[in-house]
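Each chain is listed here by its residues.
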Amino acid sequence: MIVQIISGFRGSGKTTFLNKCVEHAGGKIAVILNDFGAEAVDRENAGGRLIYEEISEGCICCGMALEFEEKMRRIAMDVCPDRIFIEASGFGKLSDVVKVCMQLKEQEHLDMIIGPNVTVVDIPMVESYVSGLGEFYTDQIENADMILINNIDPDDAEPEEIEESWKVLERLNPEGLKTEDAQKILESV
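Here the structure is a predicted model, which is why all the values come from computation and not from measurement.

A. Main features of the pairing of strand β6 (residues 118-122). The element β6 is largely enclosed, with a buried count of 5 among its 5 residues. Here β6 shows a buried face lined by Val118, Val120 and Asp122 and a second buried face lined by Thr119 and Val121. The sheet contact formed by strand β1 (residues 2-7) and β6 spans 2 bridges and is parallel. The residue bridging Ile6 from the neighbouring strand is Val118, located in β6. In terms of strand pairing, β6 meets strand β7 (residues 146-150) through 5 bridges, oriented parallel. Counterpart to Val120 in the pairing with β7 is Leu148.

Next comes the structure, spelled out in structure tokens:
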């Protein structure tokens, strides 16, 4: 079973990316959603292969960690999907969500691969999020296996803004920006 965590702040495009993952992934799929944006998860497109869970009362990396762990345990052990996608809260730490998954894997001796994990980044917002949100934002960047850049259109951001944001991302996680690795990750979905 493969567990992939999709993180990023609101409006970055997480659910759009998640819908593409669900549409193209094979086998039985489970989705645990902990963030609710303007776009919904397209359950119709999964053709009956989708198990869907929501955790809406708080963040799965802190206040709702026990509920998240219990849902993960139930899905992993009772449903046994081929792939679990987790859309984490925009204010959640990716490292903490990974830690809960790793603990469950070890406690229950599950045959589980965690990752590749993707952080979707709204490129015009990078600098303001790093300075305004600090560790909540940088943790998502630093712990991503792949950083998926969104809103890079010149109508959304000035070239200088994009360049400065790119430098920040390179400083925080240069490996997550490698396009050949990103291509392999996207092909594995």
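B. Structural context of the environment of Ser131. The residue Ser131 is located in helix α4 (residues 126-133) in this model. Looking at Ser131, the relative accessible area reads 62%, which means it is exposed. Only 3.2 Å separates the side chain of Ser131 from the backbone oxygen of Ser128, close enough to count as a polar contact.

C. Geometry of unusual backbone geometry. With omega at 5 degrees, the peptide bond leading from Gly115 into Pro116 counts as cis. One non-glycine residue, Cys80, adopts positive backbone phi at about 55 degrees. By the element assignment, Cys80 lies in the loop between α2 (65-79) and β4 (83-87). Judged by its relative accessible area of 46%, Cys80 falls in the partly exposed class. One non-glycine residue with positive phi stands out, namely His109, at about 55 degrees. Within the secondary structure, His109 is located in the loop between α3 (94-108) and β5 (113-114).

D. Up close: the pattern of salt bridges. Within the structure shown, the criterion is met by 7 salt bridges. Residues Lys167 and Glu163 are paired through a salt bridge, measuring 3.6 Å at the closest nitrogen-oxygen approach. Taken together, the residues Lys167 and Glu163, both in helix α6 (residues 159-172) and 4 residues apart, mark about one turn of the helix. Residue Glu163 is classed as partly exposed on the basis of its relative accessible area of 46%. Shared partners join several salt bridges into a network, and the residues in it are Glu69, Glu70, Arg73 and Glu108.

Here is what the cut-offs are and how they apply
- Residues numbered from 1 in each chain as written.
- Predicted model: local features only at pLDDT ≥ 70, side-chain atom pairs only at ≥ 80, totals over all residues.
- Heavy atoms only, no water.
- Buried < 20%, exposed > 50% of the residue type's maximum accessible area, 1.4 Å probe, protein only.
- Helix = DSSP H or I, 4+ residues; strand = E, 2+ residues; numbered from the N terminus.
- Pairing = 2+ DSSP bridges.
- Polar contact = N/O pair within 3.5 Å; in protein donor to acceptor, adjacent residues only side chain to side chain.
- Salt bridge = Lys/Arg side-chain N within 4 Å of Asp/Glu carboxyl O.

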